[in-house]
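# Observations on the three-dimensional arrangement
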Amino acid sequence: MRATMMMAVLLAGAAPVAAETVAISAARMLDVNSGRISDRPLVIVVDGRITAVGRQGELAVPAGARQLDLGNHTILPGLIDMHVHLTSDPTLSGMQALRYPGSFWTAIGAGMARRTIEAGFTTVRNVGSVDYADVGLKQAIERGAIVGPRIVPATYAIGATGGHCDTNELPANFVFDRPGIADGPDGVRRTVRELHKRGAEVIKYCATGGVLSVGTSVGAQQYTQAEMNALVEEAHMLGMKVAAHAHGTSGIKAAIRAGVDTIEHASLADAEGIELAKKAGTWFSMDIYNDDYILAEGAKNGLSEENLAKEREVGLKQRQTFQAAWKAGVKIVFGSDAGVYPHGDNALQFGKMVEWGMAPIDAIRAATIRAAEALGREADVGQIAPGRYADIIAVAGDPTQDVGVLRAVQAVVKGGVLVKGAN
Ligand code: ARG
């Protein structure tokens, strides 16, 4: 009742708003599609979306447009990270995390969202959080109450009882809310429906064990083929894509056979798994920077020896798999698992992707045009092109020569609005 009344007051007071036109310029622009850099670009934006892209002096600036010059920099599309946990803080790992209530994680998520967009990531897929915090963060960002990237929320990660997505560290007499835990084809279907009802736009589930859980073997499959088939069928029926956490060899193949859209981690994929992914067009989203951070900082951050031992087991293998998969022609997107390493440092992974076999432009494509495809959001994000949101970042120098420049993003524009950087 109160909410309805407030809404009526707000609507009555709202004057019709004229379309806002912005003309964005810079010294250079990278076209991620062709890989070419052009001089003196001009991007026209109306109400947050790009309407024209051309050259200064050639393309007309519409009368009344607000000018936004991003200076002597190279502009490119806002970056997309396909795997983050905005409500996680890597320095609060292991049992110490249990000292904080759900509200704490939502609150820090607001800060992490700001760090993420200031690092140039204007869209993220949040693949696992508690209390539907990612939905709330998204809503608060869209209202302008806090600053952050566009969020594709998964809400809870779905997983088998005792699996990687369960909370196995708690003793049996501790009751814990576990909305993502589901078993059997009917159980996973019901959970997909429930999470969708609560705001999930993508489904994340755990197909195998993992590094940072207690009592799971990284390589072990954790859902049957029948469970995965039911989960994916249900999610697709509801119009959602599916991300499968899968390090293990057999779990990766079962997930691909079930029709998932992205395999997260993909550490122990074998030649057959790589071939299956290629044939099915399944994307690999591989967090290949993490190993460095976990081995250097994990113990200090509260990770147990069990977790560290599992990291030593998969870290190098995952990078080798990345190299083999890319070489074989598997489609790869940028997924960092930020939250496992500090938010805002997402772009550190570009260097690893290049070190392990990708050309710089392909690493950039993995975080722009390709990520947009994998999200099914080509109409919205991933390119500086008419129709898409004016999500644009500026870097010093040429990122196709040195992806290191992506670690120091100079300016960030989201929907035509300057979020970071001088004008
Ligand atoms: N969330 C992942 C897991 O617990 C992190 C894996 C990090 N390690 C790596 N080598 N990518 O399994």
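Our subject is the structure that appears above.
What counts and what doesn't
Residues numbered from 1 in each chain as written. Predicted model: local features only at pLDDT ≥ 70, side-chain atom pairs only at ≥ 80, totals over all residues. Heavy atoms only, no water. Phe/Tyr/Trp six-rings, centres within 6.5 Å; stacked < 30°, edge-to-face > 60°. Lys NZ or Arg CZ within 6 Å of the ring centre and 35° of its normal. Helix = DSSP H or I, 4+ residues; strand = E, 2+ residues; numbered from the N terminus. Contact = heavy atoms within 4.5 Å. Near = heavy atom within 4 Å. Polar contact = N/O pair within 3.5 Å; in protein donor to acceptor, adjacent residues only side chain to side chain. Areas by Shrake-Rupley, 256 points an atom, 1.4 Å probe, with all protein chains shown as cover. Nonpolar A, V, L, I, M, F, W, Y, C, P; charged D, E, K, R; others polar. Axes fitted to C-alpha atoms, helices over the stretch in contact; angles between N-to-C directions. Parallel < 35°, antiparallel > 145°, perpendicular 65-115°, else oblique. Left-handed = near helix turned anticlockwise from the far one by under 90°. Buried < 20%, exposed > 50% of the residue type's maximum accessible area, 1.4 Å probe, protein only. Pairing = 2+ DSSP bridges. Salt bridge = Lys/Arg side-chain N within 4 Å of Asp/Glu carboxyl O.

### Quick notes on the packing of aromatic side chains
Taken as a whole, this structure holds nine aromatic pairs when the rule is applied. Through pairs of rings, three or more aromatic residues link up here, namely Y100, F104 and W105. One cation-aromatic arrangement involves R49 over Y389; the distance from NZ or CZ to the ring centre is 3.9 Å. The ring centre of Y389 lies 3.6 Å from the NZ or CZ of R150, which sits over that ring.

### Topic: the side chain of T282
Turning to its location among the elements, T282 is positioned in the loop between α7 (271–280) and β14 (283–285). Dropping the residues within four chain positions of it, T282 is found in contact with I256, V260, D261, T262, I263, A277, V330 and K331.

### Some remarks on the site of the ligand
If you check the shell around the ligand, you find 14 residues, and the closest are V211, H247, D287, E311 and Q318. Within the backbone of L212, one N or O atom sits 2.9 Å away from an oxygen atom of the ligand. Within the side chain of Q318, one N or O atom sits 2.9 Å away from a nitrogen atom of the ligand. In isolation the ligand offers 340 Å² of accessible surface; the protein chains occlude 96% of this area. Among the elements of the structure, α8 (290–301) and α9 (305–328) are those that each provide at least two residues to the shell around the ligand. With three residues, the top contributor of residues to the shell around the ligand is α9. Split by residue class, the shell around the ligand holds three nonpolar, eight polar and three charged.

### Points about the packing of helix α2 (residues 102–118) against helix α3 (residues 133–143)
Axis angle and axis distance: for two packed helices, these are the angle between their axes and the distance between the axes, and together they describe the pair. Where α2 meets α3, the closest approach of the two axes is 10 Å, and the angle between their N-to-C directions is 50 degrees. With respect to α3, the axis of α2 lies oblique. Remark: the crossing between α2 and α3 carries right-handed chirality. Residues T106, G109, A110 and A113 of α2 lie in contact with α3, whose contacting residues are A133, L137 and I141. When its residues are assigned to classes, the contact of α2 with α3 shows five nonpolar, two polar and no charged.

### Let's talk about unusual backbone geometry
Leave glycine aside and you will find that most residues have negative phi; peptide bonds, for their part, are mostly trans. Residue A266 is not a glycine yet carries a positive backbone phi of 55 degrees. With respect to the helices and strands, the residue A266 is situated in the loop between β13 (262–265) and α7. A relative accessible area of 0% means that A266 is categorised as buried. Even without being a glycine, D337 presents a positive backbone phi close to 65 degrees. With respect to the helices and strands, D337 occurs in the loop between β15 (332–333) and α10 (348–355). Accessibility expressed as a relative area gives 7% for D337, which makes it buried.

### Topic: the sheet that holds strand β4 (residues 41–46)
Taken in spatial order, the four strands make up an open sheet running β5-β4-β1-β6, and their pairing is mixed. Single-partner strands in this sheet number two, and they are β5 (49–55) and β6 (66–69). Each strand axis lies, on average, 20 degrees off the axis of its neighbour in the sheet, ignoring direction. The sheet contact formed by strand β1 (residues 21–25) and β4 spans five bridges and is antiparallel. Residue S25 lies in a different strand from β4, and its bridge partner there is L42.

### So, the pairing of β1
With five of its five residues buried, β1 lies for the most part within the structure. Neither face of β1 is open: one carries T21, A23 and S25, the other V22 and I24, and all of them are buried. Sheet topology note: the β1/β6 ladder contains four bridges and is parallel. Its bridge partner being in β6, A23 is matched across the sheet by Q67.

### Quick word on the sheet that holds strand β17 (residues 411–414)
With respect to topology, six strands assemble into an open sheet ordered β3-β2-β7-β16-β17-β18, the strand pairing being mixed. A single partner strand is all that each edge strand has here, and the edge strands are β3 (37–39) and β18 (417–420). The sheet shows a mean angle of 25 degrees between the axes of neighbouring strands, direction not considered. Both strand β16 (residues 392–395) and β17 contribute to a ladder of three bridges, which runs antiparallel. Residue I392 lies in a different strand from β17, and its bridge partner there is V413.

### Considering the environment of K241
Relative to the helices and strands, K241 resides in strand β12 (residues 241–246). For K241 and E201, which are 40 residues apart along the polypeptide, the C-alpha to C-alpha distance reads 7.7 Å. Setting aside anything within four residues of it in sequence, one finds K241 in contact with E201, V202, I203, H236, D261, A374, L375 and G376.

### Remarks on the pattern of salt bridges
Tallied over the entire structure, the rule returns 25 salt bridges. With a shortest N-O distance of 2.8 Å, E234 and R189 are connected by a salt bridge. Residue E234 is found in helix α5 (residues 225–237), and its partner R189 is found in helix α4 (residues 184–197); the two are separated by 45 residues along the sequence. In this structure, R193 and E234 form a salt bridge, with 2.7 Å as the shortest nitrogen-oxygen distance. Of this pair, R193 sits in helix α4 while E234 sits in helix α5, placing them 41 residues apart in sequence. In this structure R193 comes out as partly exposed when scored by relative accessible area, which is 45%.

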